[in-house]
Structure formats: structure tokens, C-alpha cells
Amino acid sequence: MAVQNVTDEDYERVTSEGVSLTDFWATWCGPCRMQSPVVEELAKTMDGVNFNKLDVDANPETPSELGILAIPTLIIKKDGEVVERLTGFTPAPQLAAILNKYTA
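Rules used in this analysis
Residues numbered from 1 in each chain as written. Predicted model: local features only at pLDDT ≥ 70, side-chain atom pairs only at ≥ 80, totals over all residues. Heavy atoms only, no water. UniProt positions renumbered as here; feature names shortened; annotations may be inferred. Helix = DSSP H or I, 4+ residues; strand = E, 2+ residues; numbered from the N terminus. Buried < 20%, exposed > 50% of the residue type's maximum accessible area, 1.4 Å probe, protein only. Contact = heavy atoms within 4.5 Å. Axes fitted to C-alpha atoms, helices over the stretch in contact; angles between N-to-C directions. Parallel < 35°, antiparallel > 145°, perpendicular 65-115°, else oblique. Left-handed = near helix turned anticlockwise from the far one by under 90°. Nonpolar A, V, L, I, M, F, W, Y, C, P; charged D, E, K, R; others polar. Pairing = 2+ DSSP bridges.

- As annotated in an unreviewed UniProt entry, the protein is Thioredoxin from Weissella oryzae.
- Under the UniProt heading Sequence similarities (unreviewed entry), the entry covering the protein gives this text: "Belongs to the thioredoxin family."

Below, the structure written as C-alpha cells:
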């Protein structure tokens, strides 16, 4: 499954059901450029998770509501509730293990 770009307008709707991971990022952020390929690779191999990206510069409302002060931040939600928040680069094996806790 491909990573979907989400906005302030559709974030809540897109992440309201099932397990979702949203990568909060910006084009100028070096660690974000390291995190993106990890998220994209997991999106291809993991079933049961909706993978999203939200550009914090173009969509400032959602990061503000969630209290995101540093990027990259990964927010994992299950049925609309935040269950994990990861700030900084997270390697693929660690991220997959965390996601597996909510999809099993």
C-alpha cells in the first residue's frame, strides 16, 4: 500500500479507524528525509496499517493540536486514539515491532 499525503482537513477522518501511522515531516528536515524511506518501505510490506505523511509547514493546525514540537514525529493511532508517539528517526525493525503490537 502506498503512503497517503494527508492535510489538516482530512487527518482526523483518515486516522479515525483501524491502525494508522502518520509521519509529520517537512522538506527542509534532514532526519525527516531519512525517516521517509523507512515509512515507505514498511507501507509496502505491512498489512493492516494505513501509512500517512503530513507536511507540517503546509498543515500547521494538526501538529499544533497534537503538541508536536520536533520532527520527524510519528503518531500511531488505533481507532482514532493516539497509542504511540515517536520523535526523531526510528529504524524500520523498531517501527515494525511497535506497529505489530497494534495489528496482532
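Section: the UniProt feature "active site" (unreviewed entry) in the protein
Part 1: The UniProt record marks C29 and C32 with the feature "active site" (unreviewed entry), using the residue numbering of this structure.
Part 2: Tracing the chain through its elements places C29 in the loop between strand 2 (19-25) and helix 2 (30-45).
Part 3: For C29, a relative accessible area of 4% corresponds to the buried category.
Part 4: Not counting residues up to four positions away in its chain, the partners in contact with C29 are I71 and P72.
Part 5: Summarising the element assignment, C32 is placed in helix 2.

Brief notes about the packing of helix 2 against helix 4 (residues 92-103)
Part 1: Two elements in contact, helix 2 and helix 4, have axes whose closest approach is 10 Å; the angle formed by their N-to-C orientations is 50°. By the angle class used here, helix 2 and helix 4 are oblique. You can see that helix 2 and helix 4 cross each other, and the crossing is right-handed. Touching Q35, V38 and L42 of helix 2 are A92, L95 and A96, all from helix 4.
Part 2: Classifying every residue of the contact of helix 2 with helix 4 gives five nonpolar, one polar and no charged.

Points about the UniProt feature "site: Deprotonates C-terminal active site Cys" (unreviewed entry) in the protein
Part 1: In the UniProt entry, the feature "site: Deprotonates C-terminal active site Cys" (unreviewed entry) is given for D23.
Part 2: When you line up the elements, D23 lands in strand 2.
Part 3: Overall, D23 belongs to the buried group, its relative accessible area being 0%.
Part 4: Not counting chain neighbours up to four residues away, the residues in contact with D23 comprise Q35, S36, V39, N52, K53, L54, P72, T73 and L74.

Observations concerning the pairing of strand 4 (residues 73-78)
Part 1: Judged by how many residues are buried, strand 4 sits mostly within the fold: five of six residues are covered.
Part 2: Both strand 2 and strand 4 contribute to a ladder of six bridges, which runs antiparallel. Its bridge partner being in strand 4, V19 is matched across the sheet by K78.
Part 3: Pairing between strand 4 and strand 5 (residues 81-87): six bridges, direction antiparallel. Along strand 5, the bridge assignment pairs K78 with E81.
Part 4: Once strand 4 ends, the chain turns through two residues before running back antiparallel as strand 5, passing D79 with a positive phi of about 50°.

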